[in-house]
Each structure stands twice: as C-alpha cells, then as structure tokens.
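For reference, the chains in residue letters:
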Amino acid sequence: MTTFLAGGTGTPKLLAGGREVFDPADATVVANTGDDVELGGLLVCPDVDTVLFEAGGVLDRETWWGIDGDDATTHDYLTDLSAAAGIETGPRYLPDDRQTAGRDLARWRRFSAASEFMFIGDRDRAVHVLRTSLLDEGDSLTAVTRTLADAFDVTEDVVPMSEDPVATIVHTPDGPLHFQEFWVAEDGEPTVEDVEFRGAEDAEPSDAALDALRDGPAVVGPSNPVTSIGPMLALDGVREALADATVVAVSPFVEDEVFSGPAAKLMEAVGYEASTAGVADAYPFADAFVLDDEDGTNLDRPVVRTDTEMSGDADAERVARACRRAIECASAEVA
C-alpha cells in the first residue's frame, strides 16, 4: 500500500504517470480539503476533484481544473444575469454571521454564486450538486468521495484529509482572503503576510486518511508545501503518523526556482526559505527526497535525482520511478 498526499496539480500530475510504477489498486490518495469552498450553496472540493477527474479520464489537462470540454451555459448565464441585475462583479464572500450557520462543512468558505468568480462547467457543477445532496442526506465526506470515485471508475482509494472544515486563509495588507479568492480572483498577486488554516485546531484527520498513513510508505508529490500540504500537516496526528512512516517527498523547486504557482511567496510568508532547502525544513518527517538533476542542494537525507519537470505522463512515470527508488533508499537507511 502506498499513500499519496495530494493538493494542487503537482501530485495529480505525478499520479497520472505513476500507475505504471505504483499499483493503483494498492494506492490511497489523501486529498487536501483546505481549498474547498461553498459556491452558491454547493460544496466545491477542487483538489479532490482534480484527482477524481484525472483518474476518471475526464480532466481538462490544459488547465488541470474541471472537466475537459465542459459546457459553460449555467456559468455564463449566471454572469449575464448578475450583470443585468446590477450586481457588482467579483467574489462575494457571505457575511460573518452566515459563515458558521448550517452545514459544518461549509464554514469560513461561503461565497455567493452571484457574479460567480470561479468557472464551474455544467458537468462539473453536477458533481458538486450530487456531493452536496449526499452530504445533506447524511453521508460523510469520505463516503461521498468514494461514491464519486466509483462513478468515475477510479481505482485508487481517494479520501479527504478530514471530515471537518478547514479553510486556507491568506492574510494580505488589505485583509484576509480565502485561498480561492487569492489565487483565482486575484491571480495570486496580493502581498502575503501570513497563511492561516482556519478550523484546523478543532479538526481531526479522517479515519481513512490516518489508516492510509499507517499502512505503508507515503509520497508527498511536488505540490505547494504551504497551501496544498500545509492544511493536512495542521491536523492533529498527521505529522506524528508521517514521522512513523517511510516518507518520500518530491521538491517543487529546483534549488530556489519553483516550477509553478505561488509556493515561493507563500513559503517566505510563513517563515521558510523559498527553495528545496526550505521544503526540507518544512518536511522534517521526510526520510528521502526526489530532486531535479539540476538541483545541487545538499540535504541531510537520502536524495534521488531525475528530471522532475512533468509535461506528460511519460515524465510523470520517470518521477514516479525515482520515488520508488527513494522509498527503497529510505527503507534501507531505516534497516
């Protein structure tokens, strides 16, 4: 059994080619839910859905978001109707007194769908309608995620990091922004002063996530260490479980150059160097690392080097094989 910690696009890209290396029938994917939002009353789980859509063969691989070729009828008409109604464009975060009422899973991340700021295709929206409806019927988020995985014929066991609400909040000089507002609506441009995982102090990891971490080696893909993996690490018991497991991490940096996304500015904001060395500091539980051939960073743990840029499934398979070698190196060190 191999467990993958997944958030953003880095780990899903690794999974896309890793099935030739790691048997998907013996793999569990623990997905970040700190990026989740409720949009127009529907619970949207971006990092969960990227894994489901990729494994189900329907992911839009140009954007690594949503369903390929999805229609935009509802999204476009919402935009047009809101404009016709004179509703100001941009994210419309619900008032504080409406953030904690009703469904627990939606706390601290509620947005109106008026002037919808995230593109949600019609088939994609159907996923969120079904997810929210099953939650309203009383199913757990773990059970609902597994139901959706079955619908997409996903072989891996995909589970959420927690049943409880955790919201990634980016603090800027102009005030706090939910990560989706920071990244989607603001293009990641605001200055970042800090990152908060709101609710993590009261949340617990899902039983399925903890069981997976205890069952075998874990791979932390080249996801953003702060907003993709950080929410998981903020949960009580996850760091301890990783410390007891054999863990391999793939750096999303080549020395101090990040492949993509806002990882550099986010790491600096929370006190880490924006580099592979900073990733190693953020992951003290990692027993070995996979670094790019051009990354000369010296670490105090075993390192396997390869070309870590993943432009396609063949690239991802190469990185997955490096992860397999790193697991073997880490296991040999322990032995």
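Just so we're clear, the structure is a prediction, and the values are computed from it rather than from any experiment.

A few words on the overall build of the protein chain. In terms of helices and strands, the protein chain carries 12 helices and 15 strands. Relative to the globule expectation of 20 Å for 335 residues, the C-alpha radius of gyration of the protein chain, 19 Å, shows essentially globular dimensions. For the C-alpha atoms alone, the extent of the protein chain along its principal axes is close to 65 × 45 × 35 Å. Per-residue burial over the protein chain gives 55% buried out of 335 residues. Considering only intrachain contacts with a sequence separation of at least 6, the fraction spanning at least 24 residues in the protein chain is 68%. Total accessible area computed for the protein chain in this model is approximately 13,900 Å², and 44% of it derives from carbon and sulfur atoms. Each charge sign in the protein chain was given a centre, from 23 positive and 68 negative side chains, and these centres are 2 Å apart.

Throughout the structure, instances matching the rule amount to six aromatic pairs. Summarising the aromatic geometry, the rings of Phe 111 and Phe 117 are spaced 5.0 Å apart at their centres and angled 50 degrees between planes, so their arrangement reads as tilted. For the pair Phe 111 and Phe 117, a shared accessibility class is recorded, and that class is buried. Ring plane angle 40 degrees and centroid distance 6.1 Å describe the contact between Phe 179 and Phe 182, whose orientation is recorded as tilted. In this pair, Phe 179 and Phe 182 are both assigned in helix α6 (residues 179-185), three residues apart and thus about one turn of the helix distant.

Summed over all chains, the structure comprises 15 salt bridges. A salt bridge links Asp 307 to Arg 318; the shortest N-O distance between them is 3.7 Å. Placement of the pair is Asp 307 in the loop between β15 (303-306) and α12 (313-334) and Arg 318 in helix α12, with a sequence separation of 11 residues. Since its relative accessible area comes to 34%, Asp 307 is described here as partly exposed. Since its relative accessible area comes to 27%, Arg 318 is described here as partly exposed.

To continue, consider helix α2 (residues 46-55). With respect to burial, α2 is a largely interior element, nine of its 10 residues being buried. Immediately beyond the C-terminal end of α2, within one or two residues, lies Gly 57, with a positive phi of roughly 75 degrees.

Spatial ordering of the open sheet is given by β6-β2-β1-β10-β11-β14-β15, a layout of seven strands whose pairing is parallel. The open sheet has two edge strands, β6 (157-160) and β15, and neither has a second partner. The average undirected angle you get between the axes of adjacent strands in this sheet is 20 degrees. Against the sheet, helix α1 (residues 10-18) contacts β1 (2-6), β2 (27-31) and β10 (218-220), and its axis sits at roughly 145 degrees relative to β1.

On to the packing of α2 against helix α4 (residues 122-136). Where α2 contacts α4, the axes come no closer than 12 Å and their chain directions differ by 120 degrees. By the criterion of interaxial angle, the relationship of α2 to α4 is oblique. Of the two possible hands of crossing, α2 and α4 adopt the one that is right-handed. Where α2 abuts α4, its residues Val 48, Asp 49 and Phe 53 lie against Asp 124, Val 127, His 128 and Arg 131.

We now examine the sheet that holds strand β9 (residues 194-198). Neighbouring strands of a sheet are bound in pairs by backbone hydrogen bonds; such pairs are parallel or else antiparallel. The sheet built from three strands is open, its strands ordered β8-β7-β9 with antiparallel pairing. One side of each edge strand has no neighbouring strand; the edge strands of this open sheet are β8 (175-178) and β9. Across the sheet, the mean angle from the axis of one strand to that of its neighbour is 30 degrees, orientation sign disregarded.

This part covers the layout of surface pockets. Computed from the structure, the largest pocket encloses a volume of approximately 940 Å³. Lining the largest pocket are 37 residues, with Gly 8, Thr 9, Gly 10, Trp 183 and Ser 260 positioned closest to its centre. Counting only elements with at least two residues in the lining of the largest pocket, the list comes to α1, α2 and α6. Of all the elements, α6 adds the most residues to the lining of the largest pocket, at four residues. In this structure, the second largest pocket occupies an estimated 150 Å³ of space. In terms of lining, the second largest pocket is formed by Val 195, Phe 197, Pro 225, Val 226, Gly 230, Leu 233, Ala 234, Arg 239, Val 270, Tyr 272, Ala 282 and Tyr 283. Broken down by secondary-structure element, the contributors of at least two residues to the lining of the second largest pocket are β9 and α8 (230-233).

Procedures and definitions
Residues numbered from 1 in each chain as written. Predicted model: local features only at pLDDT ≥ 70, side-chain atom pairs only at ≥ 80, totals over all residues. Heavy atoms only, no water. Helix = DSSP H or I, 4+ residues; strand = E, 2+ residues; numbered from the N terminus. Rg over C-alpha atoms; globule rule 2.2 N^0.38 Å. Buried < 20%, exposed > 50% of the residue type's maximum accessible area, 1.4 Å probe, protein only. Contact = heavy atoms within 4.5 Å. Areas by Shrake-Rupley, 256 points an atom, 1.4 Å probe, with all protein chains shown as cover. Lys, Arg positive; Asp, Glu negative; His and termini not counted. Charge placed at Lys NZ, Arg CZ, Asp CG, Glu CD. Phe/Tyr/Trp six-rings, centres within 6.5 Å; stacked < 30°, edge-to-face > 60°. Salt bridge = Lys/Arg side-chain N within 4 Å of Asp/Glu carboxyl O. Pairing = 2+ DSSP bridges. Axes fitted to C-alpha atoms, helices over the stretch in contact; angles between N-to-C directions. Parallel < 35°, antiparallel > 145°, perpendicular 65-115°, else oblique. Left-handed = near helix turned anticlockwise from the far one by under 90°. 1 Å grid on protein atoms, 1.4 Å probe; cavity = no way out; pocket = protein on both sides within 12 Å on 5 of 7 lines; lining within 4 Å. Points joined across faces, edges and corners; volume = space filled by probe spheres on them.

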